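Spelled out from the first residue to the last, the chains are:
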Amino acid sequence: MNVTIIDPLQGDFPEVIEEYLQHGNMKCIAFNRRGTLLAAGCSDGSCVIWDFETRGIAKELRDKDCVAPITSVCWSKYGHHLLASATDRSLTLWDVKSGEKIARVTLQQTTLLVRLHPGSCTPSICLACPLSSAPILVDLNTSSSTVLPVSVSDSGIGVLPHPRNKFADGSPPYTPTAATFNKNGDLIYVGNSKGEILIVDFKTIRVHAMIPILGGSIVRNIVFSRNGQYLLTNSNDRVIRIYENLLTQKKAVVALEEMTSSFDNLQGTEKLKAVGSKCLILQREFQDAVTKIQWKAPCFSGDGDWVVGASATKGEHKIYIWDRSGYLAKILEGPKEALIDLAWHPVRPLVVSVSITGLVYIWAKDYTENWSAFAPDFKELEENEEYVEREDEFDLVPETDKVKDYEVNEDEEVDVVNFDKDPAFSDSDASMEELCFLTAIPSPDAPEQQDKYVGSSTKVEESTHSGSPLSVDVEQNDQAIILPDLILAEGGNSAAEETVGNNSSKRRRKPSAKGLELQADQVRKPLKKGKSSNKSFKSKNKKNDQDTNGFAPEDDVTDECL
Amino acid sequence: MLSQISLPISLASERLKPKPSAVHNPPESKLSPAMSSVYQPNGLHSSDAEAGGGDGDGASIAPPYILRETLRGHKRAISSVKFSPDGALIASASADKTLRVWSSTYFSLHEELVGHDEGISDVSFSSDSRYVCSASDDRTVRIWDVETGVQIKTLAGHTNYVFCCCYNPQSNMIASGSFDETVRVWDVKSGKCLRVLPAHSEPVTSVDFNRDGSLIVSGSFDGLCRIWDSATGHCVKTIIDDDSPPVSFVKFSPNGKFVLAATLDSTLRLWNFSTGKFLKTYTGHENSKFCIPATFSVTNGKYIVSGSEDNCLYLWELQTRKVVQKLEGHTDTVIAVSCHPSKNMIASGALTNDRTVKVWVQEGEDQKEM
């Protein structure tokens with residue numbers, strides 16, 4: 001993105017709901033690395049991948065085995081694979097491009113959160129955090145799992161949950177924990193129910209360090225920022241804490257081992273705590289002192305400058321945005337539906353939230369048109385400036401004074417081929433090509449659309465909103481259209497089914513009167529040359545003028561026409 | 001004023017009409033040169049500022065391009081010629097309402113795409129070279145499958161002739177500019193119009209995406225080039241020269257930092273749109289009536305290639321701005337130019353008198369074709 005000419009003031013935080021996506025009942029979301037695709041897990045076991053630029057569905061991942069609601073989705077580093085965990089205790093690994101299932105593993109417990117190992121391009125190991133027991137590392141190829149230590153005894157060795165604490169029926173003890181990989185994937189940060197953060201080595205499953213959190217309450221979420229520099233924890237004491245990660249990205253394990261050996265005089269937990277104090281430093285605490293809201297799904301912004309957290313109070317759709325220094329920047333309030341998941345776009349100031357009704361809301365900045373862009377010598381003023389003219393400003397001067405007074409040095413070398421790498425993704429190595437977008441295969445127009453189009457009355461209700469994308473396409477002549485089998489959903493769907501499919505996968509904006517009118521016009525306007533067309537042609541023309549002239553959106557949503 | 005031209009429907013597509021200046025064109029002379037427009041080159045910065053205005057004074061391209069093949073078949077004037085991104089195909093659009101897809105290795109006709117009701121002004125390939133979109137006077141943009149020749153989708157919404165179209169690099173969106181003075185951005189998959197940009201106050205002559213698809217540049221007869229953010233649809237920059245001659249063509253450079261703009265005062269300019277100043281000027285050709293595209297040739301040295309109304313193709317060296325070659329062979333205005341993405345091959349198309357697509361290669365390269 002050429003950020004030099006795009007207004008720098010726009011790189012902040014979102015303010016209003018721009019749009020919402022609807023397809024089935026979505027439960028959890030995840031952006032791919034570049035933010036061009038949004039994966040959403042649905043309650044029917046399928047995963048939907050949205051093309052975030054066009055806000056349309058790019059792919060649906062469906063399988064007859066996967067029918068249980070999805071609890072979490074995670075992309076692989078370069079976007080080729082998608083891992084989904086479901087309530088039937090299974091984990092499914094999908095290949096995004098082909099839409100095929102690669103692997104499926106069934107565990108002992110339902111996983112609430114899965115994370116694919118971020119270090120490799122085709123990861124086969126993932127971290128799964130079940131509801132109430134220790135996080136496990138699962139190898140998706142072999143289905144073997146390794147339980148991670150969740151607490152340290154005085155001997156300093158990480159212990160698995162004590163067998164004596166098991167329940168009478170032998171099920172594992174209730175130790176809710178949260179865990180996450182660090183940026184490279186060589187360390188796992190585990191937040192346990194005693195309010196401690198343990199740094200566990202990925203390869204050896206050894207606990208390297210321990211950082212106790214003040215208050216010692218159960219850690220519900222533990223999340224890294226995108227650049228790996230900051231860590232946040234969300235605890236049961238209703239506080240979100242921000243830590244600065246002092247370990248370097250590369251060779252963190254080596255550094256840890258060095259630190260461990262340097263603290264030889266200490267033993268056990270003391271040693272771990274000492275090492276831990278060198279790994280994380282508490283920076284800030286965020287809480288709502290007045291209402292003591294329990295936080296849900298906290299995360300960082302793409303650049304790590306903002307922290308966003310949602311209120312876990314039922315019936316409320318509130319999103320709090322703080323900047324990292326602790327200042328509460330904004331509270332976003334959505335419709336009165338509970339919020340179940342939240343994600344910040346990796347690059348743009350966009351927040352996506354999932355409500356309990358299964359809709360995905362997209363929050364964006366309230367864009368105002370930058371008028372000075374429309375003419376190069378316009379300048380935007382903050383407030384009125386009194387203009388004081390020069391003495392000779394309005395004198396009549398001869399034409400010679402108007403000659404350009406700058407010389408263009410046309411002999412300078414111009415580089416038209418080399419481009420700068422995007423600094424936001426500087427760590428991408430070229431070892432594997434990143435999957436940034438899925439090829440958009442145009443869904444073919446069905447011949448019966450023509451008839452529907454000609455005879456259609458103006459139905460302006462929401463339910464036929466899906467009709468408009470198809471009705472806009474018009475077949476001019478009666479050329480025999482062979483429908484190629486390009487439909488992306490499984491099975492050979494005919495065009496009719498495609499229509500039905502489109503019905504459920506609407507991409508909708510908050511309807512505004514103008515937008516609906518425009519839809520009506522688009523439906524109404526046939527493209528055939530005939531007397532009847534002239535009328536609607538003119539009205540359409542007028543509508544277009546109206547719409548194009550109405551720049552300022554009347555509600556907080558931009559219309560289809562700018 | 002221009003958007004309300006009532007022209008007889010049976011005539012050639014708008015692209016081939018000379019830019020209607022203040023003087024009204026009588027119907028018979030649609031494709032004949034218009035009266036001299038108001039925008040004559042004023043000589044201020046074109047011929048005087050640099051010495052490279054003339055043709056071939058010492059600089060030349062080695063080896064020079066020669067005519068390799070002439071592709072015949074269109075029944076009326078050609079309006080646009082494009083190479084596919086994989087280099088295997090050439091697509092040509094014509095006023096005879098058809099598109100023709102030719103093989104660029106065997107120069108045989110691969111497909112003929114029939115379906116538009118009116119002449120076609122522009123054609124564009126998708127990044128995977130599987131689909132083409134075409135802009136036509138019948139106010140629609142159509143998407144075709146290249147392999148089968150089947151028309152897949154019709155994008156309707158413009159209220160006047162669609163003059164130009166372009167796929168974005170991700171090929172999930174198409175931008176189209178029209179005589180109705182707007183630029184529309186379409187979703188390829190569903191065919192929905194995602195945005196309508198209130199781009200200009202005169203017909204939009206050209207649209208292009210930059211290399212990551214985040215910006216759209218549009219040029220128009222009103223003399224402005226506007227840069228738009230494709231994600232939000234907001235204008236981020238306007239480039240205007242002091243005299244504002246009609247802009248007939250705009251294109252991003254391969255690295256997306258510069259904009260090449262052709263204006264109807266026989267001038268090509270390379271602008272740095274961040275600063276709003278132009279860096280290079282290319283003259284020597286004739287362009288005052290038709291919307292003739294220009295392109296970058298970067299496969300073997302850096303050149304700018306453009307058609308011209310004196311029936312030749314001009315090649316300028318990018319840095320020195322000198323004309324290094326004039327390719328003669330067409331018998332009418334060369335209205336379409338495209339460069340092969342990897343080989344040193346140029347394809348060009350010309351107007352009614354000629355109706356052919358000519359393929360030019362560098363001497364010595366034609367031995368490699370077979």
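As recorded in an unreviewed UniProt entry, chain B goes by the name WDR5-like beta-propeller domain-containing protein, listed as coming from Dendrobium chrysotoxum.

By the naming in an unreviewed UniProt entry, chain A is Protein RBL, taken from Dendrobium chrysotoxum. Taken directly from UniProt, the Subcellular location (unreviewed entry) text for chain A runs: "Nucleus".

As a further point, take the overall build of chain B. Looking only at helices and strands, chain B has one helix and 28 strands in total. Looking at chain B residue by residue over its 370 residues, the buried ones come to 69%. In chain B, the share of contacts with a sequence separation of at least 24, taken over all contacts with a separation of at least 6, comes to 47%. Carbon and sulfur atoms form 49% of the exposed surface of chain B, whose accessible area is close to 11,000 Å².

Along chain A, the regular secondary structure elements total seven helices and 31 strands. Scored against the burial criterion, the 562 residues of chain A give a buried share of 51%. Relative to all contacts within chain A whose residues are 6 or more apart in sequence, the contacts with residues 24 or more apart total 54%. With the model as given, the accessible surface of chain A reaches about 27,000 Å², and the carbon-plus-sulfur share is 52%.

A few words on the pattern of salt bridges. Tallied over the entire structure, the rule returns 17 salt bridges over all chains. Salt-bridge contacts for A:Lys101 lead to A:Asp65; the nearest nitrogen and oxygen are separated by 2.9 Å. You can see A:Lys101 sitting in strand 9 (residues 100-106) and its partner A:Asp65 sitting in the loop between strand 5 (56-61) and strand 6 (70-75), a full 36 residues away along the chain. A:Asp65 gets classed as partly exposed once you look at its relative accessible area, which sits at 35%. In this structure, B:Glu69 and B:Arg68 form a salt bridge, with 3.3 Å as the shortest nitrogen-oxygen distance. What emerges from the salt-bridge pattern is a single network uniting A:Glu18, A:Glu19 and A:Arg55.

What follows covers the layout of surface pockets. The volume enclosed by the second largest pocket comes to roughly 1,200 Å³. Here the lining of the second largest pocket takes five residues from strand 14 (residues 204-209) of chain B, the largest share from any one element.

This next bit is on the sheet that holds strand 4 (residues 47-51) of chain A. All names here are of chain A. The antiparallel open sheet is built from four strands, whose spatial order is 2-3-4-5. The open sheet is flanked by strand 2 (26-31) and strand 5, the only strands paired with a single partner. Within this sheet the neighbouring strands show an average axis-to-axis angle of 25 degrees, counted without direction.

Once that is clear, we can look at the UniProt feature "repeat: WD" (unreviewed entry) in chain A. Residues annotated by UniProt as "repeat: WD" (unreviewed entry) correspond here to residues 26-60 and 70-104 of chain A. In the segment residues 70-104 of chain A, helix accounts for 0% and strand for 66%; the C-alpha atoms at its two ends are 13 Å apart.

Next up on the list: the UniProt feature "repeat: WD" (unreviewed entry) in chain B. Residue and element names in this part refer to chain B. UniProt records the feature "repeat: WD" (unreviewed entry) at residues 71-103, 113-154, 155-196, 197-238, 240-281 and 282-326, using the numbering of this structure. Helix makes up 0% of residues 71-103 and strand 58%, and the two end C-alpha atoms of the span are 10 Å apart. The span residues 113-154 is 0% helix and 57% strand, and its two end C-alpha atoms sit 13 Å from each other.

We now examine the confidence of the model for chain A. Looking at chain A as a whole, the pLDDT averages 72, with 68% of positions reaching at least 70. When the criterion is pLDDT under 50, residues 162-172 of chain A qualifies, and its contacts beyond four places in sequence or with other chains add up to seven contacts.

A separate point is the pairing of strand 21 (residues 277-282) of chain B. All names here are of chain B. Here strand 20 (residues 267-272) pairs with strand 21 via five bridges, running antiparallel. Looking across to strand 21, one finds that arginine 269 is bridged to threonine 281. Hairpin remark: strand 20 followed by strand 21, antiparallel, with four residues in the connecting loop; positive phi at glycine 276, about 80 degrees.

Glancing now at helix 2 (residues 268-277) of chain A. Among the ten residues in helix 2 of chain A, seven count as buried, and that is most of the element. A:Gly268, A:Thr269, A:Lys271, A:Leu272, A:Ala274, A:Val275 and A:Gly276 are the residues of helix 2 of chain A that are buried.

Our focus in this paragraph is unusual backbone geometry. Residues and elements named next belong to chain B. Here arginine 139, not a glycine, exhibits a phi torsion of approximately 70 degrees, which is positive. Looking at the secondary structure, you find arginine 139 in the loop between strand 7 (131-136) and strand 8 (140-145). Residue class for arginine 139 comes out buried when judged on its relative accessible area of 17%.

The next subject is the environment of A:Gln283. All names here are of chain A. Relative to the helices and strands, glutamine 283 is located in strand 23 (residues 280-286). Glutamine 283 gets classed as partly exposed once you look at its relative accessible area, which sits at 29%. Leaving out residues up to four positions away in the same chain, glutamine 283 has contacts with Tyr230, Ile242, Tyr243, Glu244 and Arg324.

A few words on helix 1 (residues 252-262) of chain A. Residues and elements named next belong to chain A. Within helix 1 the residues assigned to the buried category are Ala252, Val253, Leu256, Met259 and Thr260. The buried side chains of helix 1 occupy one side of the element, clustering within an arc of 125 degrees when seen end-on. Turning to helix 1, the residues buried within the fold contact strand 17 (187-191), strand 18 (196-201), strand 19 (207-212) and helix 2.

Let's shift gears to the sheet that holds strand 3 (residues 89-94) of chain B. Residues and elements named next belong to chain B. Strand order in this open sheet of four strands is 2-3-4-5, and the pairing throughout is antiparallel. Every interior strand has two partners, whereas the edge strands, strand 2 (78-83) and strand 5 (109-114), have only one. For this sheet, the mean angle separating the axes of adjacent strands, direction not counted, is 15 degrees.

Residues and elements named next belong to chain B. When pLDDT is averaged along chain B, the result is 81, and 82% of the positions lie at 70 or above. Counting interchain partners and residues more than four positions distant, the pLDDT-below-50 stretch residues 1-14 has 38 contacts. Low pLDDT, under 50, characterises residues 20-57; the stretch is placed with 60 contacts to residues that sit more than four places away or in other chains. For this predicted complex, the interface score ipTM comes out at 0.73, while the overall pTM is 0.73.

Once that is clear, we can look at the state of the cysteines. As used in these notes, a disulfide is a covalent bond between sulfur atoms, one from each of two cysteines. Going through the model one piece at a time under the given rule, you end up with zero disulfides over all chains. Residue A:Cys47 stays outside any disulfide, its sulfur separated by 7.1 Å from that of A:Cys42, the closest cysteine.

Right, let's get into the packing of aromatic side chains. Scanning the entire structure with this criterion turns up 16 aromatic pairs over all chains. Against the face of A:Phe52 rests A:Arg55, its NZ or CZ located 4.6 Å from the ring centre. Against the face of B:Phe278 rests B:Arg269, its NZ or CZ located 4.4 Å from the ring centre.

Let us now look at a negative patch on the surface. Residue and element names in this part refer to chain A. Together, Glu380, Glu382, Glu383 and Glu385 line one region of the surface with negative charge. Mapped onto the elements, glutamate 382 comes out in the loop between strand 30 (360-364) and helix 3 (448-454). A relative accessible area of 81% means that glutamate 382 is categorised as exposed.

Basis of the calculations
- Residues numbered from 1 in each chain as written.
- Chains lettered and ligands numbered in written order.
- Predicted model: local features only at pLDDT ≥ 70, side-chain atom pairs only at ≥ 80, totals over all residues.
- Heavy atoms only, no water.
- UniProt positions renumbered as here; feature names shortened; annotations may be inferred.
- Helix = DSSP H or I, 4+ residues; strand = E, 2+ residues; numbered from the N terminus.
- Buried < 20%, exposed > 50% of the residue type's maximum accessible area, 1.4 Å probe, protein only.
- Contact = heavy atoms within 4.5 Å.
- Areas by Shrake-Rupley, 256 points an atom, 1.4 Å probe, with all protein chains shown as cover.
- Salt bridge = Lys/Arg side-chain N within 4 Å of Asp/Glu carboxyl O.
- 1 Å grid on protein atoms, 1.4 Å probe; cavity = no way out; pocket = protein on both sides within 12 Å on 5 of 7 lines; lining within 4 Å.
- Points joined across faces, edges and corners; volume = space filled by probe spheres on them.
- Pairing = 2+ DSSP bridges.
- Axes fitted to C-alpha atoms, helices over the stretch in contact; angles between N-to-C directions.
- pLDDT = per-residue confidence, 0-100.
- Arc of directions from axis to C-beta.
- Disulfide = S-S within 2.5 Å.
- Phe/Tyr/Trp six-rings, centres within 6.5 Å; stacked < 30°, edge-to-face > 60°.
- Lys NZ or Arg CZ within 6 Å of the ring centre and 35° of its normal.
- Patch = residues over 30% accessible without salt bridge, like charges linked within 9 Å, V, L, I, M, F, W, Y side chains within 5 Å.
- Lys, Arg positive; Asp, Glu negative; His and termini not counted.
- Charge placed at Lys NZ, Arg CZ, Asp CG, Glu CD.

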